[in-house]
Amino acid sequence: AKLADQLGYPELWVGEMATYDAFAFATAVGLQTEQISLTIGPLAVSVRTPMTIAMGAASVSNLTGRDTSIALGASSMVVVEEWHGRERARTATHIDETARILRSLLDGEKAAFKGELASCTGYRLRLDAPGTPITIAAFGPAAVRAAARRADRMLLNMVTPQSLAMLREQLVAAAEKAGRETPALAVWLPCAVDPKRESIDQLKRATVGYLAAPGYGEMMMAAGFADLVKYARSRPHPKEVLAATPDELIAAIGLTGNEAAIDARIAEYKAAGADEICLVPAT
């Protein structure tokens, strides 16, 4: 985080899965950097409520004085159902309702919405409302439609340029139908320059939990890894899934090789419609 700040990157994404609480880590980053803005998430809507998300964003903004925005997503069955013991169902609807509530809270309004899966009534932020943008991580057509209706930006993760182009078409059409401007489109790309074995292995480990997830799995199948996805969905041990994952998967959905190869690959993603390239570096 300090290095990204020193190099002048405008934005740092702070994800959340198994190690740090995202709001705690974002606060630590904000207090030890100079200029970089913070985007927290994607946060799993099946695990965090709109109120806790809004309160967390306002807390980080207040404690650090840094621009703080939020990203929403669905996460995986392992994270939501096995680790948290919560139900992961109708996630696109859950994201849509959460974003609707969150928008009002982040704008300083008193929430007054009862949805099928997300509700908040009578609460208003006590801290200054950050009024910041909302990003929605898309993982299928229904989530793309939710992003078109509610998001300032849509995020894609682990996609090929071909899948990105297809999903951008869906986003443009859905935004037009919703009577909104098309949200910006960002893509997370695993990145390793002149990678060594341990770098590729680290990036592969990060994909294991998503291979079986609805939406993510379909993206991987479209990239040519249908057999791997089917195997992951048979519920083997994660170590077995990792052992079965070829290096080619990272090359298909990310940025690996020398600098010239990575520059060329970034150009492919931009040509496919990516407005923002977000690096997920091997460390």
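Residues numbered from 1 in each chain as written. Predicted model: local features only at pLDDT ≥ 70, side-chain atom pairs only at ≥ 80, totals over all residues. Heavy atoms only, no water.

## Quick notes on the confidence of the model for the protein
Parts of the prediction with low pLDDT should not have their coordinates interpreted in detail. Note the cut-off: A residue's pLDDT is simply how confident the predictor is in it, with values from 0 to 100. A run of H or I in DSSP counts as a helix once it spans at least four residues, and a run of E counts as a strand once it spans at least two, with each numbered from the N terminus.
With 100% of its residues at a pLDDT of 70 or more, the protein has an overall mean of 94. The least confident element of the protein, judged by mean pLDDT, is helix 4 (residues 77-83) at 82; the most confident is helix 2 (residues 22-31) at 98.

## With respect to the pattern of salt bridges
To keep it simple, the criterion reads: A carboxyl oxygen of Asp or Glu within 4 Å of a side-chain nitrogen of Lys or Arg is what we treat as a salt bridge. Think of it in three bands: residues with accessible area under 20% of the maximum for their type are buried, residues over 50% are exposed, and the middle band is partly exposed, with areas taken using a 1.4 Å probe on protein chains only.
Tallied over the full model, the rule gives 16 salt bridges. When the shortest N-O distance is used, the salt bridge between Arg 235 and Glu 82 registers 2.9 Å. Residue Arg 235 is located in the loop between helix 10 (226-232) and helix 11 (238-244), and its partner Glu 82 is located in helix 4; the two are separated by 153 residues in the primary sequence. Accessibility expressed as a relative area gives 56% for Arg 235, which makes it exposed. It is possible to trace a salt-bridge network through shared partners that takes in Arg 197, Asp 201, Lys 204 and Asp 247.

## Focus: the pairing of strand 1 (residues 11-14)
The test is simple: Here, a strand pair is defined by DSSP locating no fewer than two bridges between the strands. Think of it like this: strands point away, you trace from the first strand over the helix to the second, and a clockwise trace means the crossover is right-handed.
Direction of pairing for strand 1 relative to strand 2 (residues 37-44): parallel, over a ladder of four bridges. For Leu 12, the partnering residue across the bridge sits in strand 2 and is Leu 38. Crossover handedness for the path strand 1 to helix 2 to strand 2: right-handed.

## Re helix 5 (residues 91-106)
How we decide: A helix is expected to span 1.5 Å for every residue after the first.
Over its 16 residues, helix 5 runs 21 Å from end to end, which matches the ideal 22 Å to within 8%, given 1.5 Å per residue. With its phi angle positive at about 85 degrees, Gly 108 sits one or two positions after the end of helix 5.

## Brief notes about the packing of helix 6 (residues 141-150) against helix 7 (residues 161-178)
Selection criterion: The axes are straight lines fitted to the C-alpha atoms, using for helices just the contacting stretch, and the angles between their N-to-C directions are given from 0 to 180°. Small angles under 35 degrees read as roughly parallel and large ones over 145 as roughly antiparallel, with 65 to 115 read as roughly perpendicular and the rest as oblique. A clockwise turn of the near helix away from the far one marks a right-handed crossing, whereas an anticlockwise turn of less than a right angle marks a left-handed crossing. Contacts: residue pairs with any heavy atoms within 4.5 Å of one another. Amino acids are sorted into nonpolar (Ala, Val, Leu, Ile, Met, Phe, Trp, Tyr, Cys and Pro), charged (Asp, Glu, Lys and Arg) and polar (every other residue, Gly among them).
Running from N to C, helix 6 and helix 7 cross one another at 50 degrees; their axes reach a closest spacing of 8 Å. Here helix 6 is positioned oblique relative to helix 7, judged by the angle of their axes. For the crossing formed where helix 6 meets helix 7, the hand is right-handed. Together, Pro 141, Val 144, Arg 145, Ala 147, Ala 148 and Arg 149 of helix 6 and Leu 167, Gln 170, Leu 171, Ala 174, Ala 175 and Ala 178 of helix 7 make up the contact between the two elements. Here the contact of helix 6 with helix 7 is composed, by residue class, of nine nonpolar, one polar and two charged.

## Looking at a nonpolar patch on the surface
Filter applied, for reference: For patch detection, residues must exceed 30% relative accessible area and be free of salt bridges, and they are connected within 9 Å for like charges or within 5 Å for nonpolar side chains (Val, Leu, Ile, Met, Phe, Trp, Tyr). All accessibility values rest on the Shrake-Rupley procedure with a 1.4 Å probe; residue burial counts only the protein chains present in the view.
Together, Leu 3, Leu 7, Tyr 9 and Leu 279 line one region of the surface with nonpolar side chains, adding up to about 410 Å² of accessible area. Examined against the element boundaries, Leu 3 turns out to sit in helix 1 (residues 2-6). Classification of Leu 3 as exposed rests on a relative accessible area of 56%.

## Looking at the nonpolar core
In plain terms, the rule: Take the buried residues of types Ala, Val, Leu, Ile, Met, Phe, Trp, Tyr and Cys, join any two whose side-chain atoms come within 4.5 Å, and each joined set is a nonpolar core.
Ranked by internal contacts, the top residues of the largest apolar core, which has 75 residues, are Ile 70, Leu 156 and Leu 164. Broken down by element, the residue count for this core peaks at six residues, all from helix 5. Those residues in contact with Leu 164 that sit more than four places away from it in its chain are Leu 156, Val 159, Leu 185, Val 187, Tyr 269, Ala 272, Gly 273 and Ala 274. Counting seven residues, the second-largest nonpolar core is a separate cluster that includes Trp 13, Leu 155, Trp 188 and Cys 278.

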